[in-house]
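Per-entry structural report
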Amino acid sequence: MNAAMDIATEADTEADTKADAEPDTHAEFDTDVIVVGAGPTGLLLGAELALGGVRVQILERRTAAQRDSRALTLHPRSVELMDQRGLAERFLALGRPVPEWHFAGLDTRLDFSGLDTRHGYTLFLAQARTERLLAERATELDVPVRRGYEVIGLRQNADGNGEHAGRRGGEAGKGGVEVEVRGPDGAVETVRARYAVGCDGGRSAVRRAAGIDFPGADETLSGALGDFATVDPVALDRARAHGVLAVPLDPGAEDDHGEDDRAEEPEGPEGMKGPEETKEAEGTGGRPGGLTRIVLLDPERIRTPSAEPMTLDEFRASLRRICGTDCGVAQPRWLSRFGNATRLAARYRAGRVLLAGDAAHIHFPAAGQGLNTGLQDAMNLGWKLAAEINGWAPPGLLDSYHAERHPIGQAVTENTEVQTLLAELTLLPAYQRPAAALRALLTDLLGIEEVNRRLAGLVSALDTVYPPAVADADPLVGRRMPDLALTVAGSAAIRVYELLPHGRFVLLDLAGDEEMRRSVQAGWGKRVTPHTVTAHDSRADLDGVREILVRPDGHIAWATRTTDVRARRIERFRALTGWAGLPAGG
């Protein structure tokens with residue numbers, strides 16, 4: 001890793017960085033970007049913005065960090081994103097890799113282990129720990145997280161339409177946003193910034209203030225979950241046979257359920273509900289040193305509004321109805337309901353206000369895709385917004401956030417609705433027989449390697465492809481860059497992802513153009529780090545590829561197989577200008 005870090009920073013001392021200097025900061029701005037919400041999406045976005053050299057504040061209405069386990073999974077693409085920033089080992093040290101996953105709870109599992117990635121698994125990791133690691137990252141990058149600050153108003157200034165100002169296209173003008181917040185002492189203050197991003201969940205105050213529609217379907221079904229310190233392991237096997245999900249959490253997860261501000265009102269029906277803390281502590285036995293999460297759909301209770309509190313007695317009764325035993329559950333650390341309300345923001349950007357994570361999309365937590373989709377939103381948005389503020393973004397770059405991520409949000413909401421319907425039909429007497437036959441058919445189809453691979457790529461997000469800007473783009477464009485083992489000039493063997501920790505573009509020259517390194521460093525300074533590749537893994541999809549421009553989020557911006565050196569240099573200039581802005585003095 002040290003060799004990779006040295007290579008990634010080598011250009012800093014050689015490049016002309018005049019074009020990369022931040023525009024003058026106007027005195028009326030307290031910060032460049034306000035991120036509202038300190039969940040996983042907001043924390044990662046804050047870190048990415050800081051990595052891009054802009055000032056950022058994260059505002060969070062809760063007075064303490066999340067302590068409940070909530071989401072439990074990081075899927076392969078999310079682990080890759082952590083790897084690209086040099087953070088993967090931190091997450092792997094606390095999580096548990098699981099090579100298989102599920103789609104709609106079908107018996108045939110999705111095989112992540114055979115996917116084209118070094119991280120072919122789902123990482124079991126409680127959300128509280130994910131947030132803790134991302135908060136540590138934010139702290140390392142000097143991102144302030146202001147807890148106990150609730151957004152109560154937001155205004156865009158007259159030119160808050162987000163139009164480009166200045167010949168570089170991305171230079172933010174004097175327009176901005178004013179965010180009114182109530183602090184922990186009840187005092188109200190106004191924070192002024194160039195942009196604001198709502199990462200504040202399904203009931204997003206930022207989305208509402210920006211006037212962004214949130215169309216979709218209201219809740220029609222709810223499920224229940226509980227994290228228990230005491231269970232009967234033998235009875236859990238019977239529960240699983242009746243469709244109850246029972247997952248052991250790692251022993252340290254119990255530490256995440258400490259005392260905090262859980263007396264706050266839980267979230268409403270637009271998203272996963274907050275906890276209803278139970279102080280009851282009874283029973284003995286169970287799994288020492290850890291918790292067990294149990295998730296169920298009770299046919300008699302699926303129409304219960306998810307905002308209605310869950311009790312231990314009700315949870316036990318549901319278990320008895322479903323599988324004939326209450327599984328000995330006791331000492332609950334978290335009891336909750338969750339609903340299937342499904343909504344997708346009509347747009348991810350309104351002038352100088354943007355949305356990410358649950359503020360942009362909510363859905364039933366089928367296959368654990370919500371948190372992962374939010375992290376991937378943040379990774380896509382961070383470098384683009386930083387480029388806009390720093391003044392070098394080419395026209396349309398910031399708008400490409402909606403163009404690229406909105407279709408992904410739509411795909412996730414649609415596949416979770418399909419999974420929810422498959423689960424719901426089996427609970428309705430009128431449909432149980434055909435639903436069972438349908439599930440059996442789909443289970444068989446998942447046994448076909450290509451079908452399994454298709455759904456595994458969808459859920460893992462490894463098959464995410466962003467549409468190319470031009471019709472004749474190379475087939476690689478828009479796809480995630482594979483983590484090749486390679487050797488670059490002046491270095492030992494490393495991996496592609498080890499070249500990405502600074503969040504810049506990386507240009508890989510596979511053809512040995514002696515002029516490439518000098519021209520790129522002179523023209524694009526800190527925005528692009530060029531490398532001459534002397535050897536790399538052999539792959540059929542790379543046959544004939546001469547150069548590859550990798551985006552800061554690990555997707556391929558441009559690739560060429562042109563053999564003529566002069567023609568290739570013209571292509572390169574166009575690609576760099578189109579993605580990384582005008583060169584110095586251009």
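The structure presented is a predicted model; accordingly, all values stated were derived computationally and were not measured.

What follows is about a nonpolar patch on the surface. Side chains of L438, L441, L445, I448 and V451 sit close together on the surface and give an oily, nonpolar patch of about 370 Å² of accessible area. Broken down by element, the residue count for the nonpolar patch peaks at three residues, all from helix 11 (residues 432-445). Examined against the element boundaries, I448 turns out to sit in the loop between helix 11 and helix 12 (449-460).

Where helix 2 (residues 40-51) contacts helix 9 (residues 370-390), the axes come no closer than 8 Å and their chain directions differ by 25°. Considering their axes alone, helix 2 and helix 9 lie roughly parallel with respect to each other. Considering how the two elements wind past one another, helix 2 and helix 9 form a crossing that is right-handed. On helix 9, the residues that touch P40, T41, L44, L45, E48 and L49 of helix 2 are L371, G374, L375, A378, M379, L381, G382, L385 and A386. Taken together, the residues of the contact of helix 2 with helix 9 break down into eleven nonpolar, three polar and one charged.

Space inside the second largest pocket adds up to approximately 630 Å³. As for the second largest pocket, its lining consists of 30 residues, of which A469, V470, A473, A557 and W579 are closest to the centre. Looking at the lining of the second largest pocket, the elements with two or more residues in it are helix 10 (400-425), strand 26 (556-560) and helix 14 (565-580). Among the residues making up the lining of the second largest pocket, the classes are represented as 17 nonpolar, six polar and seven charged.

So, about the nonpolar core. If you look at the biggest cluster of nonpolar residues, it comprises 65 residues, and the most contacted ones within it are V33, F91, V179 and L385. Broken down by element, this core gets its largest block of residues, eight residues, from helix 9. Leave out the neighbours within four places in its chain, and V179 touches I34, L59, V151, G153, L154, E189, T190, V191 and A196.

All right, on to the packing of aromatic side chains then. Tallied over the full model, the rule gives eight aromatic pairs. Between the aromatic rings of Y348 and Y401, the centroid separation amounts to 5.6 Å while the plane-to-plane angle is 45°, which identifies the pairing as tilted. Of the two residues, Y348 sits in the loop between strand 17 (342-344) and strand 18 (349-350) while Y401 sits in helix 10, which places them 53 residues apart along the sequence. Residue Y348 shares its accessibility class with Y401, and that shared class is buried. Three or more aromatic residues joined by ring pairs form one cluster here, namely W383, W392, F505 and W579.

Rules used throughout
- Residues numbered from 1 in each chain as written.
- Predicted model: local features only at pLDDT ≥ 70, side-chain atom pairs only at ≥ 80, totals over all residues.
- Heavy atoms only, no water.
- Patch = residues over 30% accessible without salt bridge, like charges linked within 9 Å, V, L, I, M, F, W, Y side chains within 5 Å.
- Areas by Shrake-Rupley, 256 points an atom, 1.4 Å probe, with all protein chains shown as cover.
- Salt bridge = Lys/Arg side-chain N within 4 Å of Asp/Glu carboxyl O.
- Helix = DSSP H or I, 4+ residues; strand = E, 2+ residues; numbered from the N terminus.
- Axes fitted to C-alpha atoms, helices over the stretch in contact; angles between N-to-C directions.
- Parallel < 35°, antiparallel > 145°, perpendicular 65-115°, else oblique.
- Left-handed = near helix turned anticlockwise from the far one by under 90°.
- Contact = heavy atoms within 4.5 Å.
- Nonpolar A, V, L, I, M, F, W, Y, C, P; charged D, E, K, R; others polar.
- 1 Å grid on protein atoms, 1.4 Å probe; cavity = no way out; pocket = protein on both sides within 12 Å on 5 of 7 lines; lining within 4 Å.
- Points joined across faces, edges and corners; volume = space filled by probe spheres on them.
- Core = buried A, V, L, I, M, F, W, Y, C linked by side-chain atoms within 4.5 Å.
- Buried < 20%, exposed > 50% of the residue type's maximum accessible area, 1.4 Å probe, protein only.
- Phe/Tyr/Trp six-rings, centres within 6.5 Å; stacked < 30°, edge-to-face > 60°.

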